[in-house]
Amino acid sequence: MVEKMLRYDVISPSSSDWSSPIVLVQKPDGSYRFCVDYRRLNSATVKDSFPLPRIDDTLDVLGGAKFFSTLDLTSGYNTKRHNTKRRDITQNGICDTQRITAPTYLEDRAYDLEIIHRAGRKHQNADALSRIPASEPVCRLTQEISTRAELGASHFLDCQKKDDVISHVIQWLECGERPSSNELDGLPRELRTYWNMWDMLVLREDGVACRRAENAAGKPHRGLQTIVPCALRKIILEEFHNKPLAGHMGVNRTLAPIRQGYYWPGLNDAVVAFCRSCTVCQSRKSPQKARRTPMVPSRVGYPNARIGIDIVGPLPESELGNKYILVMVDYFTKYGKACAIKDQCAETVANELVFKWICEQGIPERIHNDRGTNFLSEQNYRTNALCGSRC
């Protein structure tokens, strides 16, 4: 095996101070794999750091692709020659590993490439090109979906003309005159939304009604959003959320590509409702837990430092007409009182607190409650203020 690697110029003799032990591992087919222990080498190597690719960017790159290929690479770890100036570390006592370990890296040996650093201030031309506003949707997923038969221009126009709302919009745009507000009486409410954005509505050359797109600041910019009739809205949502290239993303990542090419009133709410009703997302994505304030122990050092107050009920009405129970407990002594009351209005609670607790046990420094309306009313505030207590 070593002779074969020498013959194919994978390794070469060396007398370096560095050496890495090798071990032969038997494969399932009976042959052996030549393995090298590079742990000492890796500890002395300055590693590069690269961010992980975003899944939506990866899916966006695949948009529009029709053919996919796979490659079975032989000796994939020996595909790149190492710079001869950097062999001081990679050389070992027996052989020189001239190639870096990169199983997914392919090199076309017909080219001799040299990497030259270029200062950032010299990239003004590229920076200027990257800031040119796009006149068409830049999302490849949007472009691919727009080529579907049911979302083509002719079918889209037919559905718009059959829609109870958009058909009126097309008539307005063909006439080139905005109707008066009185003419909207008796028509669907959604039609008034389009009437308010009259300056943003246009007809494409193929007759499809569109809306000028908005940028992040809410101002119109180059690019058109096709107005989607009710019959096609579910198809749009399914294409941008359920399909393999969509990837069942969340609300924001589903809404962003739709906005690049389509519009209808209530689009945000429709995307939220669709994502929340998706069975795949509900079965695989864990719900977000609501943040709660951590609980802390409540310490008191003497009676009446703090009392807790709450109401139980409604309960079956007693012979005296009482349906609720007002419970008051001292945090330190655990002494409690239960008072039957007819209702839970603020005046009743204040009277029971004064006559059944304050007159008997004294004025508490603090009163702990669930901040209900019967405890936070103006009358209770005045009662606490006169007694010097804090809720």
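For the structure, check the block above.
Residues numbered from 1 in each chain as written. Predicted model: local features only at pLDDT ≥ 70, side-chain atom pairs only at ≥ 80, totals over all residues. Heavy atoms only, no water.

Peer 1: How would you explain the overall build of the protein chain if you had to name every residue and give the values?
Peer 2: In terms of regular secondary structure, the protein chain is built from 15 helices and 12 strands. A buried classification covers 31% of the 391 residues belonging to the protein chain. The long-range share in the protein chain, meaning contacts at least 24 apart out of those at least 6 apart in sequence, stands at 54%. Carbon and sulfur atoms make up 52% of the accessible area of the protein chain, which totals about 27,800 Å². (Helix = DSSP H or I, 4+ residues; strand = E, 2+ residues; numbered from the N terminus. Buried < 20%, exposed > 50% of the residue type's maximum accessible area, 1.4 Å probe, protein only. Contact = heavy atoms within 4.5 Å. Areas by Shrake-Rupley, 256 points an atom, 1.4 Å probe, with all protein chains shown as cover.)

Peer 1: Help me get a handle on the side chain of Asp330, residues and values and all.
Peer 2: Take Asp330: it is sitting in strand 10 (residues 324–330). There is no salt bridge for the buried Asp330, and the closest opposite charge comes from Lys334, which lies 7.4 Å off by N-O distance. Within the structure, the side chain of Asp330 is placed 2.7 Å from the backbone nitrogen of Asn304, a separation counted as a polar contact. Contact partners of Asp330, with chain neighbours within four places excluded, come to Pro303, Asn304, Arg306, Ile307, Tyr335 and Trp357. (Lys, Arg positive; Asp, Glu negative; His and termini not counted. Salt bridge = Lys/Arg side-chain N within 4 Å of Asp/Glu carboxyl O. Polar contact = N/O pair within 3.5 Å; in protein donor to acceptor, adjacent residues only side chain to side chain.)

Peer 1: Residue-level account of the nonpolar core, with values.
Peer 2: The biggest cluster of nonpolar side chains holds 36 residues, and the ones touching the most others in it are Tyr194 and Ile258. With residues up to four places along the chain from it excluded, the contact list for Ile258 reads Ile236, Leu237, Phe240, Leu267 and Val271. With 13 residues, the next largest nonpolar core counts Ile307, Tyr324, Leu326 and Val349 among its residues. (Core = buried A, V, L, I, M, F, W, Y, C linked by side-chain atoms within 4.5 Å.)

Peer 1: Run through the packing of aromatic side chains, naming residues and quoting values.
Peer 2: Counted by the stated rule, this structure contains 3 aromatic pairs. Ring geometry for Phe240 against Tyr262: centres 6.1 Å apart, planes inclined by 75°, an arrangement best described as edge-to-face. Within this pair, whereas Phe240 is found in helix 10 (residues 230–241), its partner Tyr262 is found in strand 8 (residues 262–263), the two being separated by 22 residues in sequence. Exposure remark for Phe240: the relative accessible area of 2% places this residue in the buried category. Stacked on the ring of Trp195, the Lys or Arg Arg178 has its end atom at 3.9 Å from the ring centre. Across from the ring centre of Tyr331, 5.7 Å away, lies the NZ or CZ of Arg306, which sits over that ring. (Phe/Tyr/Trp six-rings, centres within 6.5 Å; stacked < 30°, edge-to-face > 60°. Lys NZ or Arg CZ within 6 Å of the ring centre and 35° of its normal.)

Peer 1: An account of the side chain of Asn304 is needed here, citing residue identities and associated values.
Peer 2: Along the chain, Asn304 falls in the loop between helix 13 (279–284) and strand 9 (306–312). Residue Asn304 is classed as buried on the basis of its relative accessible area, which comes to 10%. A polar atom in the side chain of Asn304 sits 3.2 Å from the side chain of Trp357. Excluding anything up to four places from it in sequence, Asn304 contacts Asp330, Trp357, Gln361, Gly362, Ile363, Pro364 and Glu365.

Peer 1: Explain helix 10 to me, using residue names and the numbers behind them.
Peer 2: With 12 residues, helix 10 extends 18 Å from end C-alpha to end C-alpha; this agrees with the ideal 16 Å at 1.5 Å per step. Here helix 10 has its buried residues at Leu232, Arg233, Ile236, Leu237, Glu239, Phe240 and His241. (Expected span 1.5 Å × (residues − 1).)

Peer 1: Residue-level account of the pattern of salt bridges, with values.
Peer 2: Under the definition given, this model contains 7 salt bridges. Here Arg54 and Asp56 are joined by a salt bridge, their closest N and O atoms 2.8 Å apart. Arg54 gets classed as partly exposed once you look at its relative accessible area, which sits at 43%. Where Arg54 meets Asp57, a salt bridge forms, and the shortest distance between an N and an O atom there is 3.4 Å. Where salt bridges share partners, they join Arg54, Asp56 and Asp57 into one cluster.

Peer 1: Before we move on, can you summarise the packing of helix 10 against helix 11 (residues 251–261) with the specific residues and values?
Peer 2: Contact pair helix 10 / helix 11: the axes reach a minimum separation of 9 Å and the direction vectors enclose 120°. Taken together, the axes of helix 10 and helix 11 lie oblique to each other. Every pair of crossing elements has a handedness; the one defined by helix 10 and helix 11 is right-handed. Together, Ile236, Leu237, Phe240 and His241 of helix 10 and Thr254, Pro257 and Ile258 of helix 11 make up the contact between the two elements. Residues that form the contact of helix 10 with helix 11 fall into these classes: 5 nonpolar, 2 polar and no charged. (Axes fitted to C-alpha atoms, helices over the stretch in contact; angles between N-to-C directions. Parallel < 35°, antiparallel > 145°, perpendicular 65-115°, else oblique. Left-handed = near helix turned anticlockwise from the far one by under 90°. Nonpolar A, V, L, I, M, F, W, Y, C, P; charged D, E, K, R; others polar.)

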